[in-house]
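Secondary and tertiary structure notes
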Amino acid sequence: MGLVQEARENHVKKKVEEALRSKMKQKALKECDHYTSKYAECAVGRTISVVWQCRKQAKELNICLHQ
């Protein structure tokens, strides 16, 4: 296998991985839309305090996204 052909195959594999990752991300965000909204509502008007004030919503969102 030549160097050029190997580079092309690696490029194709990378493009396939990127497309798959993008589809998975879209699916996860769609399925977790309720949790995303709850977190966003909690975060409105906050800066640093979002870390401790919205901890519950952030945890619920992360659990959903990692399923």
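A quick note: this is a predicted structure, and the numbers were derived from the prediction, not measured. (Residues numbered from 1 in each chain as written. Predicted model: local features only at pLDDT ≥ 70, side-chain atom pairs only at ≥ 80, totals over all residues. Heavy atoms only, no water.)

You can see Gln 57 is positioned in helix H4 (residues 55–65). Apart from the residues lying within four places of it in its own chain, the contact partners of Gln 57 are Lys 38, Tyr 39 and Cys 42. (Helix = DSSP H or I, 4+ residues; strand = E, 2+ residues; numbered from the N terminus. Contact = heavy atoms within 4.5 Å.)

This part covers the state of the cysteines. Counting across every chain of the model gives 2 disulfides. There is a disulfide in this structure between Cys 32 and Cys 64, and the S-S distance comes to 2.0 Å. Between Cys 32 and Cys 64, the S-S dihedral sits near -95°, and the bridge is therefore left-handed. Here Cys 32, found in the loop between helix H1 (3–31) and helix H2 (33–43), pairs with Cys 64, found in helix H4; they are 32 residues apart in sequence, far enough to count as distant. Assessed through its relative accessible area of 1%, Cys 32 is described here as buried. Disulfide pairing places Cys 42 opposite Cys 54 at an S-S distance of 2.0 Å. (Disulfide = S-S within 2.5 Å. Buried < 20%, exposed > 50% of the residue type's maximum accessible area, 1.4 Å probe, protein only.)

Once that is clear, we can look at the environment of Gln 57. Looking at Gln 57, the relative accessible area reads 18%, which means it is buried. Through-space distance from the C-alpha of Gln 57 to that of Tyr 39 is 5.1 Å; in sequence the pair is 18 residues apart.

Turning our attention to the packing of H2 against H4. Where H2 meets H4, the axes come as close as 9 Å, and the angle between the chain directions of the two elements is 155°. One element, H2, and the other, H4, form an angle in the roughly antiparallel class. Where H2 crosses over H4, the handedness of that crossing is left-handed. In this structure, H2 uses Tyr 35, Thr 36, Lys 38, Tyr 39 and Cys 42 to contact H4, whose residues at the interface are Gln 57, Ala 58, Glu 60, Leu 61 and Cys 64. For the contact of H2 with H4, a count of residues per class yields 6 nonpolar, 2 polar and 2 charged. (Axes fitted to C-alpha atoms, helices over the stretch in contact; angles between N-to-C directions. Parallel < 35°, antiparallel > 145°, perpendicular 65-115°, else oblique. Left-handed = near helix turned anticlockwise from the far one by under 90°. Nonpolar A, V, L, I, M, F, W, Y, C, P; charged D, E, K, R; others polar.)

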